[in-house]
Amino acid sequence: MVKTVSQLSSPIVLFLAVLIVSLSQEAKALALRFDATAQSFSVPPDSPRWNLQGQARATEYQGRKCLLLKNGVAALNDFEMRDAVIDLDVATPANRAFYGIEFRVADNGANAEGIYLRQQKSGLPDAMQYTPILNTGLNWQIYNGPGFNGAIDIPKDVWFHLRLEVVGAQAKLYVKDTDKPALVMNDLKSGNQTGQVLLNAYAGEVYFSNFEIRTTPDVPWERHLPPMPAGTITKWSLSPSYDALTRNLERPLTSSESDAIHWQDVEAEGPGFVVINRYRESPHPRTLFGNDFYLQRMKPQTGMQVVYAQTSIESDRDQVKRLNIGYSDDVSVFLNGKILYRGRSAQYFRDPEFLGIISPENDTVYLPLKKGNNELMLAVSELGGGWGFICCLEGLT
């Protein structure tokens, strides 16, 4: 005869029975909480959950139902992610294509994380790229190198698999091989902890199929900031942005002009960049010299914006110090109200293949410091690819 719990006389047995019931109830409660947050689902190409923008539609390609994007976007409706695994297949017949995934998309697309492939760069060091999108601007000229771009062979006109794993402030991209990541992103830069997901193809004819997403439990948010280079000037103040073509960028601000500006204090982030796009909306001018290097590169570029940045340098004596400076895309350097340098480091400007990637080794300016306080001011203009600068001063501790 099977006895009920109430018929069991042993206190130990009774305790175990109650404990089992309690654990069972707790397990059910945990399962309910997990089910409320965890999701795993696929989205067919013809699903109404896709918000299609630009040249985007459901179709078939090489026998598969898929999405076709050509200068278009497919945004996933009614879903926001923090940590998740995204799987999908892609194919493109294009010789030149620029496509990928944006995630944690916020502020109507103004801020996000982006990962994309450059079909025409297959096998080259910038075949794949991670960049944050800040105030509508891509920032690949600022965020470059390990953790941001890398070489990968990208198939053409065949289906291949992409997997994106997002965990806290880190992410991994897998291309074809789901065992070994092709790109490890150690520090996601947008600062967004949640947001939408979208697919994009901003150049070329690109097909997407077998889209699946699985959310995963949130992990602690831990930034992995790289160290500052020696001599990095970290404390700056920024002006509002202005139409660069309405200003004489070879003339320093007068005292009255400077006093009238509402300056915003900012600090450089590792590894030393002041990312203006964090604080100012990015302009999107159509540069002339991208397609006509020899005839158009010296002409005014309509739509270019400028921000002034100022800082102070204390010197114990009159001396000359070397300033290493990287910037995107134009800069004027003023010291104590006098111009010392003006340069342009925009994509395609210095030669037809020039990328305009920022590093402190871009240019060097020698500063004639006086004893006491010195005012260093930059006028930094943007054409595209990331608005920012880095300054490293010889002997600064």
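Here the structure is a predicted model, which is why all the values come from computation and not from measurement.

Visitor: Account for empty space enclosed by the protein, naming residues and giving values.
Guide: Enumeration according to the criterion identifies three cavities of 30 Å³ or more in this entry. Taken as a whole, the largest cavity spans an internal volume of roughly 50 Å³. Listing elements by their share of the lining of the largest cavity, those giving two or more residues are β5 (98-106), β6 (111-118), β7 (128-134) and β13 (196-203). Looking at the lining of the largest cavity residue by residue, the class counts come to seven nonpolar, three polar and one charged. When its volume is computed, the second largest cavity comes out at roughly 40 Å³. If you go around the second largest cavity, the residues you meet are Val43, Pro44, Pro45, Trp50, Leu67, Leu199, Phe208, Ser209 and Phe211. By residue number, the principal contributor to the lining of the second largest cavity is strand β14 (residues 206-215), which donates three residues. For the lining of the second largest cavity, a count of residues per class yields eight nonpolar, one polar and no charged.

Visitor: Describe in detail the pattern of salt bridges, supporting the description with residues and values.
Guide: Tallying each qualifying case throughout the model produces 14 salt bridges. We note a salt bridge from aspartate 83 to arginine 104, for which the minimum N-O separation is 3.0 Å. On the criterion of sequence distance, the pair formed by aspartate 83 in the loop between β3 (64-76) and β4 (84-91) and arginine 104 in strand β5 is long-range, its members being 21 residues apart. The same class applies to aspartate 83 as to arginine 104, namely buried. Among the salt bridges present, the one from arginine 251 reaches glutamate 257, with a minimum N-O distance of 3.1 Å.

Visitor: Can you lay out unusual backbone geometry for me, pointing to particular residues and giving the numbers?
Guide: Between glycine 270 and the following residue, proline 271, the backbone shows a cis peptide bond with an omega angle of 5 degrees. Note on placement: proline 271 falls in the loop between β16 (264-267) and β17 (274-275). Of the consecutive residues serine 328 and aspartate 329, the connecting peptide bond is found in the cis state with omega at 5 degrees. Tracing the backbone shows aspartate 329 in the loop between β19 (319-328) and β20 (330-335). In this model, aspartate 107 sits at a positive phi of 55 degrees, which is unusual for a non-glycine residue. Located in the positive-phi region is threonine 136, a residue other than glycine, with phi close to 75 degrees. You can see threonine 136 is positioned in the loop between β7 and β8 (137-138).

Visitor: Could you give me a rundown of the sheet that holds strand β24 (residues 388-393), with the residues and numbers involved?
Guide: An order of β17-β24-β19-β22 is seen for the four strands of this open sheet, with the pairing classed as antiparallel. Looking along the sheet, the strands with just one partner apiece sit at the ends: β17 and β22 (363-369). Where β17 lies against β24, two bridges are found, and the strand directions are antiparallel. The residue of β24 that forms the bridge with valine 275 is glycine 388.

How each quantity is defined
Residues numbered from 1 in each chain as written. Predicted model: local features only at pLDDT ≥ 70, side-chain atom pairs only at ≥ 80, totals over all residues. Heavy atoms only, no water. 1 Å grid on protein atoms, 1.4 Å probe; cavity = no way out; pocket = protein on both sides within 12 Å on 5 of 7 lines; lining within 4 Å. Points joined across faces, edges and corners; volume = space filled by probe spheres on them. Helix = DSSP H or I, 4+ residues; strand = E, 2+ residues; numbered from the N terminus. Nonpolar A, V, L, I, M, F, W, Y, C, P; charged D, E, K, R; others polar. Salt bridge = Lys/Arg side-chain N within 4 Å of Asp/Glu carboxyl O. Buried < 20%, exposed > 50% of the residue type's maximum accessible area, 1.4 Å probe, protein only. Pairing = 2+ DSSP bridges.

The quantities given are spatial measurements derived from coordinates; they are silent on function.
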